[in-house]
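Take a look at the letters that make up each chain.
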Amino acid sequence: GPSDTNVEESFDIQICTPKWLIDNYSQDDLILGTHKLIVFKYNREHIFKRIDKLFNNKTGNTWEEIATRLARIGHWEFEDYQP
């Protein structure tokens, strides 16, 4: 959340493999990949490092500007997005 407060805000990313996508979607589906991180092999350390890199390089003049950029990667708790 904003650096001048003690609040936290949530940005969620669904981690999935190509197999999971095949098992959960039909061949007729179209997937934009919004708020998804697709990995070929589950490696917790690698995934956390990548997410950290994605989130920690976002800057802006206001928290709303930064949060909007972060929401392109993970679902922001204040966002109305429905997958």
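You'll find the structure just up there.
All values derive from a computational prediction rather than experimental measurement.

S.K.: Teacher, can you tell me more about the nonpolar core here?
M.R.: Soluble globular proteins: nonpolar side chains tend toward being buried together. With nine residues, the main nonpolar core is built from Phe-11, Phe-55, Trp-63, Ile-66, Ala-67, Leu-70, Ala-71, Ile-73 and Trp-76. Take this core: its biggest share by element is four residues, from helix α3 (residues 63–70).

S.K.: Please clarify how the pattern of salt bridges should be interpreted in this entry.
M.R.: Close approach of charged atoms lets side chains of opposite charge pair. For the structure on display, the rule yields three salt bridges. Note that Lys-49 and Glu-45 form a salt bridge whose closest N and O atoms lie 3.1 Å from each other. Taken together, the residues span about one helical turn, with Lys-49 and Glu-45 both in helix α2 (residues 44–56) at a distance of four residues. In terms of burial, Lys-49 and Glu-45 fall into one category: exposed. Residue Arg-69 pairs with Glu-65 through a salt bridge whose shortest N-O separation is 3.4 Å. Placement of both Arg-69 and Glu-65 in helix α3 is noted, with a separation of four residues, approximately one turn of the helix.

S.K.: Please clarify how the side chain of His-35 should be interpreted in this entry.
M.R.: Tracing the chain through its elements places His-35 in the loop between α1 (18–24) and β3 (36–38). There is a polar contact of 2.9 Å between the side chain of His-35 and the backbone oxygen of Ala-71.

Cut-offs applied
- Residues numbered from 1 in each chain as written.
- Predicted model: local features only at pLDDT ≥ 70, side-chain atom pairs only at ≥ 80, totals over all residues.
- Heavy atoms only, no water.
- Core = buried A, V, L, I, M, F, W, Y, C linked by side-chain atoms within 4.5 Å.
- Buried < 20%, exposed > 50% of the residue type's maximum accessible area, 1.4 Å probe, protein only.
- Helix = DSSP H or I, 4+ residues; strand = E, 2+ residues; numbered from the N terminus.
- Salt bridge = Lys/Arg side-chain N within 4 Å of Asp/Glu carboxyl O.
- Polar contact = N/O pair within 3.5 Å; in protein donor to acceptor, adjacent residues only side chain to side chain.

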